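# A closer look at the structure
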Amino acid sequence: MKFVLMGITPANDLVVENLTTLKPKPKDEDLIFGKVYTDRMLLREYKNGAWQTGRILPYQNFSLDPATLVFHYGQEIFEGLKAFRQENGDVVMFRPDENAKRFALSARRMMMPEVPEDYFLKSINKLINLEREWVPKARGNALYIRPTMIATEAILGVKPSDEYYFFTILSPSGPYFKEGFSPTRIKVEDHFVRASIGGTGEAKAGGNYAGSLMAAERAKEDGYSQVLWLDAKEMKYVEEVGAMNIAFVLDNEIITPRLTGSILKGITRKSVLQIAKDLGYKMTEKDITIDTVVETIESGNLTEIFGIGTAASIAPVGEIKYKDKNLSVNDGKVGPTTQAIYDRLIGIQYGSVEDKHGWIHLVE
Ligand SMILES: Cc1ncc(COP(=O)(O)O)c(C=O)c1O
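Per chain, the residues get numbers from 1 upward, laid out in the order the sequence is written. In view of the model being predicted, local features appear only for residues whose pLDDT reaches at least 70, and side-chain atom pairs are presented and counted only at 80 or more, with totals across whole chains, interfaces and linings using the full set of residues. The side-chain numbers reported here are obtained from all heavy atoms of the structure, hydrogens and water having been left aside.

## Some points on the pattern of salt bridges
Here, a salt bridge means any Lys or Arg side-chain nitrogen found within 4 Å of an Asp or Glu carboxyl oxygen. In total, this model carries 23 salt bridges according to the counting rule given. When the shortest N-O distance is used, the salt bridge between K220 and E217 registers 3.6 Å. With K220 and E217 both in helix 5 (residues 213–221), this residue pair falls three residues apart, about one helical turn. Given the relative accessible area of 48%, K220 is considered partly exposed. Measuring nitrogen to oxygen at the nearest pair gives 2.9 Å for the salt bridge that ties R258 to D287. Residue R258 is located in the loop between strand 14 (253–256) and helix 6 (267–278), and its partner D287 is located in the loop between strand 15 (282–285) and helix 7 (290–299); the two are separated by 29 residues in the primary sequence. Relative accessible area serves as the criterion here: at 38%, R258 is assigned to the partly exposed category. One network of salt bridges, in which partners are shared, links E17, E45, K47 and R55. The secondary structure listing takes helices from DSSP runs of H or I that are at least 4 residues long and strands from runs of E that are at least 2 residues long, numbered from the N terminus. Residue burial is assigned from relative accessible area. The probe radius is 1.4 Å, only protein chains are included, and a residue is buried under 20% of its type maximum, exposed over 50%, and partly exposed in between.

As structure tokens, then:
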């Protein structure tokens, strides 16, 4: 691993360029997910075996040679986290240290240089602090943060790039699903797979999402908002949803699939495991087959299903389709466990519930 710990410049190695024009800021009530970007972005280049001085510059296009590696072989990783405006006006990030760690994990898997965690945190903190006016005020809205790394060497040849851009853009965002916090419909994919053991499913790599598009689009044509993926080997075990982990309330226990190596290690999932414990629920990480899900919905033992992820936070599932079966979950309504977990998570993020676990990072 020739990159790791080579040529690291200090975490405060960041210059801020002048901004001459400001974009109009959208009203909170007009926000949808991921359509508007703030005035500034962060960019740090890696070349000659070292990270160069990072820059916060006006939001702008890149000019890249058509032979640039990312366009051909997809060496790209990203993260997704949020900054919230709390009730007292503070701007906070939720568990950004976990995103920094997962970004490093993804970088290792994709043969890219790691961004030191301290640099990741401090540079993003600085960017958000400069852009704090853009953090929405309404509960349910947030500033979505998208750290990304791309291979920028211009060469046609399948090999790790010698040059990279690490950049971060910010997007004031509303709810991820147009339904907001109301039950969504998901389709179990029984033909295509997202990731397999030994593949790149655990990394947040763009290619994983490109490969998922066909199934997701077909599901959308049938009126489902996301795909529920099964394991690639047997098409038997439930893994995760398109952009969320998943949990089932079965016989008064919350079950979420265990991390097998092909599932993304969701930070919200990790937080919900703790929240469930705090609220006195039993929550277990274990294998669950799709046949069990179907049978226990039919028998009435499976009472709730919810998705778990940064973008949607907690997404109640009201209907699930598997092969020729359309199954309603909790009569298409939000169940009490889903509601309690949502309230606690959102409460911590927006500052109305005490942050007992040190998950909140004040932007200053
Ligand atoms: C495939 C996939 N699974 C799960 C998640 C949830 O992860 P997190 O809670 O860290 O956002 C995401 C979202 O990033 C995702 O893209």
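That shown, we press on.
## Overview of the side chain of R40
Tracing the sequence through the fold places R40 in strand 2 (residues 40–47). Judged by its relative accessible area of 15%, R40 is buried. Within polar-contact distance, the side chain of R40 engages the backbone oxygen of L130 at 3.4 Å. Contacts are assigned to residue pairs with any non-hydrogen atoms lying within 4.5 Å of each other. What R40 contacts, discounting residues up to four positions off in sequence, is L19, I56, L57, P58, Y59, L127, L130 and E131. Two N or O atoms count as a polar contact when they lie within 3.5 Å, although within protein this holds only if one can serve as hydrogen donor and the other as acceptor, and sequence-adjacent residues are included solely when both atoms are side-chain atoms.

## Notes on the pairing of strand 10 (residues 184–188)
The buried count for strand 10 comes to four of five residues, which makes it a mostly enclosed element. Of the strand pairs in this sheet, strand 10 and strand 17 (residues 313–322) are connected by four bridges, and their pairing is parallel. Along strand 17, the bridge assignment pairs K187 with K321. Here, strands pair whenever DSSP counts at least two bridges between them. Sheet topology note: the strand 10/strand 11 (residues 226–230) ladder contains three bridges and is parallel. By the bridge assignment for strand 11, I186 is matched with Q226.

## Side note on the site of the ligand
Summary of the distance rule: residues count as near a molecule or strand when at least one heavy atom falls within 4 Å of that molecule or strand. The environment of the ligand is made up of 16 residues, and the closest members are K204, Y209, E240, T268 and T310. Here E240 contributes a side-chain N or O atom positioned 2.5 Å from a nitrogen atom of the ligand. Between the ligand and T268, the relevant distance is 2.5 Å, taken from an oxygen atom to a side-chain nitrogen or oxygen of the residue. What sets the accessible areas is the Shrake-Rupley method with a 1.4 Å probe; for residues, cover comes only from the shown protein chains. Coverage of the ligand by the protein amounts to 96% of the 380 Å² it exposes when considered alone. Elements with a contribution of two residues or more to the shell around the ligand: helix 6 and strand 16 (302–309).

## Here's the deal with the side chain of E76
For E76, the position within the fold is in strand 5 (residues 76–78). Charge convention: Lys and Arg are scored as positive, Asp and Glu as negative, and His as well as the terminal groups of each chain are ignored. Buried charge without a partner: E76 forms no salt bridge, and the closest opposite charge is R146, 6.3 Å away. A distance of 2.9 Å separates a polar atom in the side chain of E76 from the backbone nitrogen of G206. Ignoring any residue separated from it by four or fewer positions in sequence, one finds E76 in contact with V70, M112, T148, M149, I150, K204, A205 and G206.

## Topic: the confidence of the model for the protein
On a scale of 0 to 100, pLDDT captures the predictor's confidence in every residue. Taken as a whole, the protein shows an average pLDDT of 94; of its residues, 96% reach a score of 70 or greater. A low-confidence stretch, residues 1–9 (pLDDT under 50), is modelled with 19 contacts involving residues beyond four sequence positions or located in other chains.

## A closer look at the packing of aromatic side chains
Any two of the Phe, Tyr and Trp rings considered here, Trp counted by its six-membered ring, make a pair once their centres fall within 6.5 Å; the pair's planes then place it as stacked at under 30 degrees, edge-to-face at over 60, or tilted in between. Taken as a whole and assessed by the stated rule, the structure comprises 14 aromatic pairs. Ring centres of Y46 and Y164 lie 6.0 Å apart, and the angle between their planes is 65 degrees; on these two criteria the pair is classed as edge-to-face. Here Y46, found in strand 2, pairs with Y164, found in strand 9 (residues 164–173); they are 118 residues apart in sequence, far enough to count as distant. For Y46, a relative accessible area of 3% translates into the label buried. The interplanar angle of 70 degrees and the centroid separation of 5.0 Å between the aromatic rings of F84 and Y350 together place this pair among those described as edge-to-face. Of this pair, F84 sits in strand 6 (residues 81–85) while Y350 is found in helix 8 (residues 336–350), placing the two residues 266 residues apart along the sequence.

## Describing the domain arrangement of the protein
Where each domain begins and ends follows an automated or database-derived domain assignment. The assigned domain composition of the protein is domain 1 (14–173) and domain 2 (184–350). Counting residues at the interface gives 28 residues for domain 1, matched by 23 residues for domain 2. Roughly 2,200 Å² is buried in total at the junction of domain 1 and domain 2, and carbon and sulfur atoms are behind 58% of that figure. On the domain 1 side of the contact with domain 2, F78, F94 and R102 bury the most area, a combined 27% of that side's loss. If you look at where domain 1 meets domain 2, you find one salt bridge. Values labelled buried area give the accessible surface lost by two parts on being combined, using a 1.4 Å probe and summing over both.

## Re the packing of helix 6 against helix 8
Two quantities define a packed helix pair, namely the angle between the axes and the distance from one axis to the other. Angles shown run from 0 to 180 degrees and are taken between the N-to-C directions of axes, each axis being a line fitted to C-alpha atoms and, for helices, limited to the stretch in contact. Interaxial distance between helix 6 and helix 8 falls to 10 Å at its minimum, and their mutual angle equals 110 degrees. With respect to helix 8, the element helix 6 is oriented roughly perpendicular. Both helix 6 and helix 8 take part in a crossing whose hand is right-handed. Between helix 6, through T268, V272, I275, A276 and D278, and helix 8, the contact on the second element is made entirely by I341, R344, L345 and I348. Residues that form the contact of helix 6 with helix 8 fall into these classes: six nonpolar, one polar and two charged. Any angle that falls under 35 degrees is termed roughly parallel, while one over 145 is termed roughly antiparallel, one within 65 to 115 roughly perpendicular, and all others oblique. Take the far helix as the reference: if the near one is turned anticlockwise from it by less than a right angle, the crossing is left-handed, and if turned clockwise, right-handed. Residue polarity is assigned by list, with Asp, Glu, Lys and Arg as charged and Ala, Val, Leu, Ile, Met, Phe, Trp, Tyr, Cys and Pro as nonpolar; anything else, Gly included, falls into the polar class.

## Focus: the nonpolar core
Take the buried residues of types Ala, Val, Leu, Ile, Met, Phe, Trp, Tyr and Cys, join any two whose side-chain atoms come within 4.5 Å, and each joined set is a nonpolar core. Grouped together as the largest cluster of nonpolar side chains are 43 residues, with contacts concentrated most on I77, M93, V115, F120, I128, I145 and M149. Formed by 26 residues, the second largest nonpolar core is a distinct cluster that contains V241, I288, V294 and I305.

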